[in-house]
Amino acid sequence: MAEITRVFDLLKLSLEKFNKEDIVASKRNGEWVKYTTQEFVDEVNSVSRGLISKGIKKGDKVAIMSPNRPEWNICDFGIMQMGATQVPMYPTLAESDIKFIVKDADIKLVFVSDKVLFDKLNTVRSRDKADFEIFSFDIIDGMPNWKDIVSMGEQNKSIDLEDYRKEIKPDDLLTLIYTSGTTGTPKGVMLTHNNLVTNVIESSKLYPKEFSKAISFLPLSHVFERMVLYMYFYLGVSVYYAQSMDTIAADIADIKPHGFTTVPRLLEKVYDRIVEKGSQLSGIKRKLFFWALNLGLKYEMDGKNGPWYELQLKIANKLVFNKWREALGGNIMAIVSGGAALQPRLARVFWAAGMPVLEGYGLTETSPVINVNGLRKGEAKFTTVGRTIKNVEVKIAEDGEILCKGPNVMKGYYNRPDLSAEVIDKDGFFHTGDIGEIVDGQYLRITDRKKEIFKTAGGKYIAPQMLENKFKESIFIEQVMVIGENERFPAALVLPSFATLEKWCEKRDIPYTTNQEMVKDQRVIDKIWSEIEKYNEDFGNWEKVKKIDLLPAEWTIDGGELTPKLSLRRKAILEKYKTQVEQLYRNANQ
């Protein structure tokens, strides 16, 4: 069997061991279009030969700027196995970030998905007189298409790719991933083949052997989903791409996958939707639903609740939770959650319903997995991100910061040895910027981002993520950001769940006009404040949120308030709502 020391070795392994009919698939014109393993590998080889024919050399940078689709994977493998370095670029990048990345990485060629992104890149290229070519996955009249490179490769089959593969070592640069730049200029994270391969092999041990079909919707531009895709190749798992974030539910029902990776935000939405449907039931069905739900919220790992609880849970699974599983295709074996803290209530109820959510932790700089919960007995603990993966060492610094050392840690930041030295110490430990603790001697718990913890005017430290996750347990709160640096007390910007709010208003005969109007309605403000007060009880007096301001529009990636992995861009939000924040504290101080 093929030895895996470089990421493209997965192609040989895939052909030898699995040779599937549907290694990757996506929907076109309402039909699933599937690639066999052989078709996929042949196309990858043609891309490699085409790039070589165009003069791309080992070490050159080639970018992909596209949502998830099979062409993304084909070009990714095609770039790496001839020695070039792949630079993923989020489709939502601002022109200023595109300009910086293109120049910093000296990009020679970019694959884009469609005309919108083609025009966006072309604007940057024309304005800055940059020297790179653009090829589109979609067919655009008069514009270069990625199939031009495939055709060029097919015409040059005499190029022996094995000669190129032999020149690529495990420690060679595989990819250059630019961080989202929430704290300033984007930084290029240098990851090697070995970084990703070691992470793939260790992460793959989480999955049961029966796991053979997955749906993918998190962006491949982020290292989390990209590593997982490589892992699927390693395990022989078929990958089906959701058409969009709006079609995920329908696509899951259609594909019936064994699992997927996600971020907590999406699980929160699934949970809220389920609870909302349960609330619409009546009589015995409603009582059964909420009995099962409350039972699930008390779930403990490995049967710790005792035989009576387990018996009740079996009944709940048969009468209620089986419908939850059907809504997610009926075959879920594991859901992996990362990118932000998962609310414990979500983890408990999904585990109780027979759809275990494995919360993990890592960063782009660590390829990404450092810790992750597992499926087997003793491998998982609620409120933690699980145990450290093999060959990786984690320790907690004196100030509580999580430090990590292992084969998953990046080479450094591209062209920035000064920044690399700031985060990787002389002993080789990467400083994550997260605060945490070791629980029971083996599980890691994240308490907050070091950079996000702030101090009030009274000198008290506030960890905002902890409060935010608690407040989001309310079905009335969709999004929330706790603020208060150098102020007398914490406050919060709150986006209500308008769907829940509308139903609440309907039951109380309160006319629902527009979101903009409703967030100013004192009855709505009082309701949201009562929810905040309820969850405030879990915190010390200095931590409690004392004032709120309701906002009318959801925070989004396109709006600039969220990163591509749906984390809050705190500085951008504070800047955007500067007037509201100032007014909030001005009123509070009067």
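A. Broad picture of the overall build of the protein chain. Scanning the protein chain from terminus to terminus reveals 21 helices and 25 strands. Scaling as 2.2 N^0.38, a compact globule of 590 residues should have a C-alpha radius of gyration of about 25 Å, and the protein chain matches this with 25 Å. The dimensions of the protein chain, computed from C-alpha atoms along their principal axes, are 75 × 55 × 55 Å. A burial count over the protein chain gives 55% of its 590 residues as buried. Taking as baseline every contact in the protein chain between residues at least 6 positions apart, the subset at least 24 positions apart corresponds to 66%. Surface summary for the protein chain: the accessible area is close to 25,900 Å², and the carbon and sulfur share equals 50%. Treating the 83 positive side-chain charges of the protein chain as one cloud and the 82 negative ones as another, the clouds have centres 3 Å apart.

B. Here's a closer look at helix H16 (residues 464–471). Those residues of H16 that sit buried are Pro464, Leu467, Glu468, Asn469 and Phe471. On its buried face, H16 is in contact with strand E20 (443–449), strand E21 (454–455), strand E22 (461–462), strand E23 (477–483), helix H19 (522–536) and helix H20 (570–576).

C. Local environment of the packing of helix H2 (residues 37–53) against helix H6 (residues 146–154). Interaxial distance between H2 and H6 falls to 7 Å at its minimum, and their mutual angle equals 90°. Taken together, the axes of H2 and H6 are roughly perpendicular relative to one another. Contacts from Glu43, Ser46, Val47, Arg49, Gly50, Leu51 and Ser53 of H2 reach H6 at Trp146, Lys147, Ile149, Val150, Met152, Gly153 and Glu154. Considered class by class, the residues forming the contact of H2 with H6 number six nonpolar, four polar and four charged.

D. Focus on the sheet that holds strand E25 (residues 547–550). One open sheet accounts for three strands, arranged E23-E24-E25; its pairing is mixed. On the outer flanks of this sheet lie E23 and E25, each paired with one strand and no other. The mean inter-strand angle of the sheet, taken between neighbouring strand axes irrespective of direction, is 25°. This element, H19, spans E23, strand E24 (491–496) and E25 of the sheet and lies at about 130° to E25.

E. Structural detail: the side chain of Thr85. Within the secondary structure layout, Thr85 lies in strand E4 (residues 85–88). Not counting the four nearest positions on each side in its chain, Thr85 is found in contact with Gly59, Asp60, Lys61, Val62, Ile79, Leu173, Leu174, Thr175 and Leu176.

F. Quick look at a nonpolar patch on the surface. Together, Trp291, Trp308, Leu311, Ile315 and Leu319 give the surface a local cluster of nonpolar side chains, amounting to about 510 Å² of exposed area. Of the residues forming the nonpolar patch, the biggest block, four residues, is contributed by helix H13 (residues 307–327). Within the secondary structure layout, Trp308 lies in helix H13.

G. Spotlight on helix H9 (residues 223–235). Spanning 13 residues, H9 covers 18 Å between terminal C-alpha atoms, matching the ideal 18 Å at 1.5 Å per step. Along H9, eleven of the 13 residues are buried, which leaves the element largely enclosed by surrounding structure. Among the residues of H9, Val223, Phe224, Glu225, Arg226, Met227, Val228, Leu229, Tyr230, Met231, Tyr232 and Phe233 are the ones counted as buried. Gly236 lies just past H9 and shows a positive phi near 75°.

H. Spatial organisation of unusual backbone geometry. Here the bond from Ser367 into Pro368 is cis, since omega is -5°, no more than 30 degrees from zero. Within the secondary structure layout, Pro368 lies in the loop between strand E13 (357–362) and strand E14 (369–372). Phi at Asn415 takes a positive value of approximately 60°, unusual for a residue other than glycine.

I. Spotlight on the nonpolar core. Judged by nonpolar contacts, the single largest core of 126 residues is most densely connected at Phe40, Phe77, Phe111, Tyr232 and Trp324. At nine residues, H9 tops the list of elements feeding residues into this core.

Definitions and cut-offs
Residues take numbers from 1 onward in each chain, read along the sequence in its written order. With the structure being a predicted model, the display of local features is reserved for residues of pLDDT at least 70 and the display and counting of side-chain atom pairs for 80 or more, all residues being used for whole-chain, interface and lining totals. For side-chain calculations, the full set of non-hydrogen atoms in the structure is used, while hydrogens and water are omitted. Only DSSP runs of H or I with at least four residues qualify as helices, and only runs of E with at least two residues qualify as strands; both kinds are numbered from the N terminus onward. We take the radius of gyration over the C-alpha atoms and set the globule estimate at 2.2 Å times the residue count to the 0.38 power. Burial here depends on accessible area, computed with a 1.4 Å probe over protein chains only, as a share of the maximum for the residue type. Under 20% is buried, over 50% is exposed, and the range in between is partly exposed. Contacts between residues were defined by any pair of non-hydrogen atoms, one from each residue, lying within 4.5 Å. Note on areas: Shrake-Rupley, 1.4 Å probe, and residue coverage restricted to the protein chains presented here. Note on charges: Lys and Arg go in the positive column, Asp and Glu in the negative column, and His and the chain ends are not counted at all. The location of each charge is read from NZ of Lys, CZ of Arg, CG of Asp or CD of Glu. Axes, fitted as lines to C-alpha atoms, cover a helix only where it is in contact. Angles between the N-to-C directions of the axes lie from 0 to 180 degrees. For classification, angles of less than 35 degrees are called roughly parallel, those exceeding 145 degrees roughly antiparallel, those between 65 and 115 degrees roughly perpendicular, and all remaining angles oblique. Ten residue types, Ala, Val, Leu, Ile, Met, Phe, Trp, Tyr, Cys and Pro, are classed as nonpolar, four, Asp, Glu, Lys and Arg, as charged, and the remainder, Gly among them, as polar. A pair of strands is labelled paired if DSSP reports no fewer than 2 bridges between them. Note that patches include only residues with greater than 30% relative accessible area and no salt bridge, and the join distances are 9 Å for like charges and 5 Å for nonpolar side chains (Val, Leu, Ile, Met, Phe, Trp, Tyr). For this analysis, a salt bridge means a side-chain nitrogen from Lys or Arg found within 4 Å of a carboxyl oxygen belonging to Asp or Glu. One less than the residue count of a helix, multiplied by 1.5 Å, gives the span that helix is expected to have. The nonpolar core is taken to be a set of buried Ala, Val, Leu, Ile, Met, Phe, Trp, Tyr and Cys residues, with the residues joined through side-chain atoms within 4.5 Å.

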